[in-house]
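# Coordinate analysis (summary)
Below, each chain spelled out in residue letters.
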Amino acid sequence: MWLVTSRQLVDRFGRTATDLRLSVTDVCNLRCTYCLPATGVTWLPRATILSADELARVAHIGISQLGITKIRLTGGEPLTRPDLDQIIRAIAVAHPDVEIALTTNGIGLAERAKALASAGLHRVNVSLDTVHPETYAAMTRRDGLQRVLDGIRGAVEAGLNPVKINSVLLAGINDHELHDLLDFCLAEGSELRFIEQMPIGATRDWARENLISAADIRGIIEQRHRLRELPGRGPAPAQRWEVLSTEGATLGTVGIVASVTEPFCEACDRTRISADGQLRSCLFSQRETDLRTPLRAGASDEEIAQLWAEAMWAKPRAHGSDAGGFGLHFIQPERPMNAIGG
Ligand code: SAM
């Protein structure tokens, strides 16, 4: 049998995963058009969702046995879990040196930011695609823009800095509002990060011809500003740019996650566990490894670590398909984004 010897999550292509995306729920209180259908969402069976103790144990195994140095809690919407503080505290107390970050839609963040920070949360990314209430309602199928804006400010006040804003642009829906969102982020001192729309929504209506690409985004920004590429990207998914006024004054920074048109798989350092304890080596993976069953059947930390390391060894070279890319051979994963953990 193949044995874990290095105590690291290495794969066949020489990459080492140190960044764990740990989903805490598949449930979401928004219905973003590119992610979830308007109605009739089938949630994962509640009994399969890992408890706070189980999530903390998974994190502990990753950190103590496999070299995980950074954990991002995601979902679904993590703030829908009332015990999110407890999950964070359990990880932070056992592993104070590990960076713990959160990706959230920001609804309810204003009320919880201080408690999350005191539980041990370091940083937060808030998803926000528009600063216009009508567009927000159209894109998320819910009201609540003001609560998100309050959440961003609450996070800054709680010291969860730098607060980053994740944004997806849809052609004809919010792309013409890019400058309003950018102006808001520059004024708030938050880094705006555009994420190219990926073919992974539950609605399965992704079309390459509708994509607002990284090149499009840079072009729109450069209608009003200058962009200077920042070095030292490393394994980070976002290429970062300094935003300068036409006179050359620094206004802030912007990031672009170009998963579709400028993929960064060769530098990927991520490993993912869904809220029901299924390990994925890649967001687009067709394969999952069940960690929940052994976890609940009394497997030791070493046995779980062994399964985890074996699954990561088989991580595909690119995009869940060794053929690479989102071309003819790309097969969208069965599991929707909210159930994987974005
Ligand atoms: N509920 C949390 C939130 O809103 O940030 C965490 C989960 S959400 C799935 C994480 C991120 O994935 C959000 O920024 C969302 O915009 C993004 N996302 C969802 N579907 C996407 C898609 N098809 N392409 C690109 N990004 C997507």
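Reference entry: report on the structure contained in this document. (Residues numbered from 1 in each chain as written. Predicted model: local features only at pLDDT ≥ 70, side-chain atom pairs only at ≥ 80, totals over all residues. Heavy atoms only, no water.)

## Comments concerning the overall build of the chain
A tally of helices and strands in the chain yields ten helices and 14 strands. Against the 2.2 N^0.38 benchmark of 20 Å for 342 residues, the chain shows a C-alpha radius of gyration of 19 Å, consistent with a compact globule. Overall, the C-alpha framework of the chain stretches about 60 × 45 × 40 Å when taken along its three principal axes. Looking at the chain as a whole, 58% of its 342 residues are labelled buried. As displayed, the chain has an accessible area near 14,100 Å², and 53% of this comes from carbon and sulfur atoms. Here the chain carries 37 positive and 42 negative side-chain charges, and the mean point of each set is 3 Å from the other. (Helix = DSSP H or I, 4+ residues; strand = E, 2+ residues; numbered from the N terminus. Rg over C-alpha atoms; globule rule 2.2 N^0.38 Å. Buried < 20%, exposed > 50% of the residue type's maximum accessible area, 1.4 Å probe, protein only. Areas by Shrake-Rupley, 256 points an atom, 1.4 Å probe, with all protein chains shown as cover. Lys, Arg positive; Asp, Glu negative; His and termini not counted. Charge placed at Lys NZ, Arg CZ, Asp CG, Glu CD.)

## A word on the nonpolar core
Judged by nonpolar contacts, the single largest core of 99 residues is most densely connected at Ile-71, Leu-128 and Trp-308. With seven residues, helix α1 (residues 52–66) is the largest single contributor of residues to this core. Setting aside residues no more than four positions away along its own chain, Ile-71 makes contact with Leu-20, Leu-22, Ala-59, Ile-63, Ile-91, Val-98, Glu-99, Ile-100 and Ala-101. (Core = buried A, V, L, I, M, F, W, Y, C linked by side-chain atoms within 4.5 Å. Contact = heavy atoms within 4.5 Å.)

## A word on the site of the ligand
Around the ligand sit 18 residues, and of these Tyr-34, Gly-76, Glu-77, Ser-127 and Met-198 come closest. Separating an oxygen atom of the ligand from a side-chain N or O atom of Tyr-34 is a distance of 2.9 Å. Take Met-198: an N or O atom from its main chain is 2.8 Å from a nitrogen atom of the ligand. Protein burial of the ligand: of its 550 Å² of free accessible surface, 94% is covered by the chains. Split by residue class, the shell around the ligand holds seven nonpolar, nine polar and two charged. (Near = heavy atom within 4 Å. Polar contact = N/O pair within 3.5 Å; in protein donor to acceptor, adjacent residues only side chain to side chain. Nonpolar A, V, L, I, M, F, W, Y, C, P; charged D, E, K, R; others polar.)

## Some words on the environment of Ala-115
Mapped onto the secondary structure, Ala-115 falls in helix α3 (residues 109–119). Once the C-alpha coordinates of Ala-115 and Ala-158 are considered, the two residues, 43 residues apart in sequence, prove to be 8.6 Å apart.

## Considerations on the pattern of salt bridges
Oppositely charged side chains may form a pair once their charged atoms are brought near each other. The tally for this structure, following the rule as stated, stands at 18 salt bridges. One salt bridge connects Asp-11 with Arg-15, and the closest N-O pair in it is separated by 2.7 Å. Accessibility classification places Asp-11 together with Arg-15 in one group, the buried group. Among the ionic pairs, Lys-70 bridges to Asp-19, the shortest N-O distance being 4.0 Å. Of this pair, Lys-70 sits in strand β4 (residues 70–74) while Asp-19 sits in strand β3 (residues 19–23), placing them 51 residues apart in sequence. (Salt bridge = Lys/Arg side-chain N within 4 Å of Asp/Glu carboxyl O.)

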